[in-house]
Amino acid sequence: MNVTLRVWKQPAPNQPGRFESYPAKDIPAEASFLEMLDIVNNQLESEGKEPIAFDSDCREGICGTCGIVIDGRPHGPGKAITTCQLYMRAFNEGDTITLEPWRAKAFPVLKDLVVDRAAFDRVIQAGGYISINTGNACDANALPVAKLDSDRAMDAAACIGCGACVAACKNASAMLFVSAKVSHLALLPQGQPERRTRVVAMIEQMDKEGFGNCTNESECEAECPKEISVANIARLNREFLLAKLLT
Amino acid sequence: MTPSSILKKTVMALTGLALVGFLIAHLSGNFLLFKGDKAFNAYAEFLEHQGGLLIAAEVGLLAVFLLHIYSAIRVTLENKAARPVPYETKQSGGTSTFGSRTMMISGAIILLFVILHVKMFKFTDHEHVDGELWGLVMQAFANPVIALAYMAAMVVLGLHLSHGFSSAFQTLGLTKPGWAKCYKKAGLVVGWLIAFGFFTMPLYGLVVKPKPGAKEHAPAKTIKHDENDDDASVFRPVLTEKGTVSWS
Ligand code: HEM
Ligand code: FES
């Protein structure tokens, strides 16, 4: 199939960028979106032109590295998928497809479609961990966890930190990401000792990074490739307010 | 130290819910408009007689209102700053609503409305109006421009509350995972119901154009018809030279 790409091209951070058009010719419909970009880039390189810069790693929806706003939707059309799980059959012959990077003050563009998501790492560093002396792994059943809690913790832990929630939010808020990280630890026994300090430290860091404030519109949930629920945001608010009141 | 994002949102949610609480009280009192001038004016007089208590409540309400507006403006400005370069093609994933996307605009219209509303009904002398405060209100609503503007403002209020009411509970962490499907719908219904309650009043004034005293003479079911009653037709609005309406 043949499509036209309109791609945000920006040579470096803090430099002006603009949209450029690229033809994508003879793309197999079974190619993934990133494979299509590989084909286009090979062509560009063979012509001695600068390829389109984009991020990817696992290409199977588990690492959270890829991420492009495709026709106005983070990770493109389709539900519960990452950009690497999007296939060209989702488009029609002759389509013009617009590619933009995640847009947020906290995620500066490094080049073209690649943004710097180190802000997420710093939020995790602020408290998204448990402090334990590692030794042998303990017996799986030594620490009982209620089924509902373990399910909810697992659902929250499915977050791969791709940043689509920030990209989707009209306020560029990181609340869904932070809420997933806070929730999965707050729901499990291992997370209890640092429960109160963790949530306060992570929110402090989140604010410092320049993410916006949540206005509860759930656009993040709609675009999350792991379908993380905004119920986690309610839990985050609760955890934060209780931590502030009780400590 | 700047307050955290969640704290700012908590202030907005608490003040928003306090304002909703006020609206519900205001609405239930205002339903006396339908009972006629005597009942409504007695209620207004009762409130005025509370003296210091009423003033304290008004000052508190003003403080809550200003706090809500202050945090709304702050949060909105921060949210704009969080995305300095806009998208060219961004589309909604389908979960936000027109109301949720326009909270600052609907809020600003409500602010404008509240200023005009307070000036019109609280700081306008009603002592010499036939039907007193009730008469002042009904006289205003008999004017189609005023009545329609009020109705439009109530639609804007409905929009604001259609998102704001449920949003406040989420902000305060008072929603549960199991409520995901229903709490937004419940908030939408409650928000629009409150706005509809107020909407009926200018509508009543405009369509029915009730006259002072008419209701009080209305026969109770068990009492025989009182002939004075039919003379309601003697009440006719007359435009005075000053441009106000008087009842002859
Ligand atoms: C000058 C007037 C007002 C302005 C500028 C304003 C503005 C705002 C804004 C920008 C929000 C945040 C939107 C969001 O969280 O998505 C908000 C939320 C809210 N507003 Fe207002 N508003 C005003 C008046 C009112 C009034 C009169 C009420 C109540 C009757 C009200 C009730 C609420 C509620 C319940 C929320 C939800 C708080 C939350 O999301 O946590 N607002 N308002
Ligand atoms: S490349 Fe790993 S999730 Fe897409």
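Residues numbered from 1 in each chain as written. Chains lettered and ligands numbered in written order. Predicted model: local features only at pLDDT ≥ 70, side-chain atom pairs only at ≥ 80, totals over all residues. Heavy atoms only, no water.

## Let's talk about the packing of aromatic side chains
Centre distance and the angle of the planes are the two values used to describe a pair of aromatic rings. Enumeration over the complete set of coordinates arrives at 15 aromatic pairs over all chains. Pairing Trp8(A) with Phe19(A) gives two aromatic rings, centres 5.3 Å apart and planes at 75 degrees, and the pair type is edge-to-face. Here the residue Trp8(A) occupies a position in strand 1 (residues 3-9), and Phe19(A) occupies one in strand 2 (residues 18-24), the gap between them amounting to 11 residues. Relative to Phe141(B), the ring of Phe121(B) lies with its centre 5.9 Å away and its plane at 80 degrees, an arrangement referred to as edge-to-face. Here Phe121(B), found in helix 5 (residues 103-121), pairs with Phe141(B), found in helix 6 (residues 132-141); they are 20 residues apart in sequence, far enough to count as distant. An identical accessibility class is assigned to Phe121(B) and Phe141(B); each is buried. (Phe/Tyr/Trp six-rings, centres within 6.5 Å; stacked < 30°, edge-to-face > 60°. Helix = DSSP H or I, 4+ residues; strand = E, 2+ residues; numbered from the N terminus. Buried < 20%, exposed > 50% of the residue type's maximum accessible area, 1.4 Å probe, protein only.)

## Concerning the domain arrangement of chain A
Residue and element names in this part refer to chain A. Looking at chain A, the domain boundaries give domain 1 (3-111) and domain 2 (118-246). Relative placement of domain 1 and domain 2: their C-alpha centres are 29 Å apart. Listed by partner, the interface residues are 19 residues for domain 1 and 20 residues for domain 2. When the area that domain 1 buries against domain 2 is broken down by residue, the three leading residues are Pro 74, Ala 106 and Phe 107, summing to 32%. Between domain 1 and domain 2 we count two salt bridges in total. Note that Arg 73 is salt-bridged to Glu 223, the shortest N-O span being 2.6 Å. On inspection of domain 1 and its partner domain 2, the count reaches four residue pairs in polar contact (both at pLDDT 80 or more). Partitioned by chemical class, the residues of the side of domain 1 that touches domain 2 number 11 nonpolar, four polar and four charged. (Domains from an automatic or database assignment. Contact = heavy atoms within 4.5 Å. Buried area = accessible area lost by both parts, 1.4 Å probe. Salt bridge = Lys/Arg side-chain N within 4 Å of Asp/Glu carboxyl O. Polar contact = N/O pair within 3.5 Å; in protein donor to acceptor, adjacent residues only side chain to side chain. Nonpolar A, V, L, I, M, F, W, Y, C, P; charged D, E, K, R; others polar.)

## Some details on the interface of chain A and chain B
Much of the literature gives interface size as the accessible area that the parts lose upon coming together. Contacts between chain A and chain B engage 48 residues on the former and 37 residues on the latter. Surface buried jointly by chain A and chain B totals about 3400 Å² across both partners, of which 49% is contributed by carbon and sulfur atoms. Looking at the side of chain A facing chain B, the largest losses of area belong to Arg103(A), Asn213(A) and Asn216(A), adding up to 19% of the total buried there. Here chain A is connected to chain B by one salt bridge. With its nearest N and O atoms 2.7 Å apart, the salt bridge here joins Arg6(A) to Glu88(B). Looking at the side of chain A that touches chain B, the elements that each hand over two or more residues are strand 4 (73-74), strand 5 (96-100), helix 4 (164-168), helix 6 (195-208), helix 7 (219-223) and helix 8 (231-246) of chain A. Grouping the constituent residues of the side of chain A that touches chain B by class yields 24 nonpolar, 10 polar and 14 charged.

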